[in-house]
Amino acid sequence: MSYDYLAETIEKINQLRRDKNAVILVHNYQLGEVQDIGDFVGDSLELSIKAANVDAAIIVFCGVKFMAETAKVLSPNKTVLLPVFEAGCPMADMADVDSLRELKARHPNAVTVCYVNTTAEVKTECDLCCTSANAAKIINSIPQDKDIIFLPDKNLGANVEIMTGRKMILWEGFCPTHMRITEAMVKRKQAEFPDAVVIVHPECRPEIIAMADEQLSTGGMVRFVRESSAETIIVGTEVGMIHRLQKEAPDKKFIPISEQAVCMNMKMINLTDVLAALENDETAIELPDDIITKAEEPIRKMLKLS
Ligand code: SF4
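What you see is a predicted model; the values in this text were computed from it and never measured.

Caption draft 1: Main features of the sheet that holds strand S1 (residues 22-27). The strand order across the open sheet formed by four strands is S2-S1-S3-S4, and the pairing between neighbours is parallel. What marks the edges here is a single partner per strand, and that holds for strand S2 (40-42) and strand S4 (79-81). Each neighbouring strand pair of the sheet contributes to a mean axis angle of 20°, computed without reference to strand direction.

See below:
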C-alpha cells in the first residue's frame, strides 16, 4: 500500500467506526497493520469477553471464524463481522459433531472438554471449554472418577496431561503452524543466542515444550515479556506475535524460532478488508438460537471456573 492510500484507508476506518459505533478487535497473530488499528488486541477469549462487555453495536473481529463465532455466542445481540469469511482455523475444522458424538457414545463416563478453537456447533456437544491459559485448571476441576475426552488439539492435550497427571482421550487434531516448529530449530536458536530465554505456545509438540523455559498462552507471553528481565527472548509461536511483543517491550530483542510458523488464515485480513467490512456490514456471523444457547454453556462454565 502506498503511504497516501494507507493513510486514507485508516482515516476512513476511523470515521466509520465512530459513525457506526463499532469496535475493532484484533487477534495477536494478525498482520501488524491490522493490529495497529485495533481498539483491543489480544487472544481469542480476551477478545470475546471484550466483545460481550464493550458498549458497541458492531464488533469487527479480525481473527478466524471460531473466534468470531465465540464472540457472537457471548454477545448474540451485537452484529459480529468477520472481514474475510473464508478465514477459518484448520485445527478447529479437524473436529466435527458426528465424529464427536460417536466418540462420546464409546465413552459414556467421560466429561468432554473442548479447546476454544472449535466451531460453535462442536461446542454444543461439550461439557466444558478451555483456553491454552486455563486448560490445566479446567482439567483439575473434573472429578478423578471421570474419563475426559479432550479436543481437538492432541498437543495441547498431551501437554496438559503432563501438567496435571490426568490421562485423557485425545482427539487427533493439531495446529499446522505450531507443528512446523522442530527440535532442530529450537537447538539452532539456543546455540545462536545462548543467553536468551525460550518461550513457546502449548500448541507446540511436548518435545518442544520440554526444551523451552516457559510454555505460555499468547496472553501469558505478553505478561511475561512485560515483567521479565531477559534482554533476548526466543519465541515459539505464530510469527505475528513478535509484532505484539515488540510493542509491549520495545527494548527487548525477540527472535522467532521459525519464520515459517505463519498461519495463512490469520494473514487473510488486511486494512482494505476491514474498511470493506465496515462499509458494507460484511460478513456478519449468523448462528441459530439453539446453537448459541447450547454453545454458551461450556464457555460460561469455563468462565466461572477461571
Ligand atoms: S495458528 Fe493454528 S490454531 Fe491458530 S488459527 Fe492458525 S491453524 Fe488455527
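Caption draft 2: Molecular detail of the pairing of strand S3 (residues 58-62). With five of five residues buried, S3 is to be regarded as a mostly interior element. Going residue by residue along S3, you find Ile58, Val60 and Cys62 tucked away on one face and Ile59 and Phe61 tucked away on the opposite face as well. Summarising the sheet, S1 and S3 pair through five bridges and their orientation is parallel. Within S3, the residue paired with Val23 across the bridge is Ile59. With three bridges connecting them, S3 and S4 associate as parallel partners. By the bridge assignment, Ile58 is partnered in S4 with Thr79.

Caption draft 3: A look at the site of the ligand. Surveying the vicinity of the ligand reveals the residues Tyr29, Val64, Cys89, Pro90, Met91, Asn117, Cys175, Pro176, Thr177, Glu203, Cys263 and Met266. Partitioning the shell around the ligand into residue classes produces nine nonpolar, two polar and one charged.

Caption draft 4: Local environment of the nonpolar core. In terms of nonpolar packing, the biggest core is built from 93 residues, with Ile24, Phe61, Val113, Ile199 and Val274 touching the most fellow members. Examining the composition of this core, we find that six residues originate from one element, helix H4 (residues 65-74), more than from any other. Setting aside its immediate chain neighbours within four residues, Phe61 contacts Leu25, Ser44, Leu47, Ser48, Met67, Ala68, Ala71, Val80, Leu81, Leu82, Pro83 and Ile269. Among the nonpolar cores identified, the runner-up in size contains 15 residues, and Ile181, Phe193, Ile255 and Ile257 belong to it.

Caption draft 5: View of the side chain of Ser75. Positionally, Ser75 belongs in the loop between H4 and S4. Under the relative-accessibility criterion, Ser75 is labelled buried at 6%.

Caption draft 6: Just the sheet that holds strand S7 (residues 147-151), in detail. Read from one edge of the open sheet, four strands run S6-S5-S7-S8, paired in parallel fashion. At either end of the open sheet lies a strand with only one pairing partner, and these are strand S6 (128-130) and strand S8 (169-170). Direction of pairing for S7 relative to S8: parallel, over a ladder of two bridges. Its bridge partner being in S8, Ile149 is matched across the sheet by Ile169.

Caption draft 7: Summary view of the pattern of salt bridges. What the rule picks out here adds up to 15 salt bridges. For Asp39, the salt bridge identified is with Arg17, shortest N-O distance 3.0 Å. In this pair, Asp39 is assigned in the loop between helix H2 (32-35) and S2 and Arg17 in helix H1 (residues 3-19), connecting sequence segments 22 residues apart. Glu207 serves as the salt-bridge partner of Arg205, at 3.0 Å between the closest nitrogen and oxygen.

Caption draft 8: A look at helix H15 (residues 289-305). Relative to the 24 Å expected for 17 residues at 1.5 Å per residue, H15 spans 25 Å between its end C-alpha atoms, a close match to the ideal helical length. Taken as a whole, H15 carries its principal kink of about 30° at Glu297; the proline Pro298 stands between one and four residues after it. Where H15 is concerned, the buried positions are Ile291, Ile292, Ala295, Pro298, Ile299 and Met302. Against helix H3 (44-53), H4, helix H6 (120-123), S6 and helix H7 (135-140) lie the buried residues of H15.

Calculation criteria
Residues numbered from 1 in each chain as written. Predicted model: local features only at pLDDT ≥ 70, side-chain atom pairs only at ≥ 80, totals over all residues. Heavy atoms only, no water. Pairing = 2+ DSSP bridges. Helix = DSSP H or I, 4+ residues; strand = E, 2+ residues; numbered from the N terminus. Axes fitted to C-alpha atoms, helices over the stretch in contact; angles between N-to-C directions. Buried < 20%, exposed > 50% of the residue type's maximum accessible area, 1.4 Å probe, protein only. Near = heavy atom within 4 Å. Nonpolar A, V, L, I, M, F, W, Y, C, P; charged D, E, K, R; others polar. Core = buried A, V, L, I, M, F, W, Y, C linked by side-chain atoms within 4.5 Å. Contact = heavy atoms within 4.5 Å. Salt bridge = Lys/Arg side-chain N within 4 Å of Asp/Glu carboxyl O. Expected span 1.5 Å × (residues − 1). Bend = angle between axes of the 7 residues up to and from the residue.

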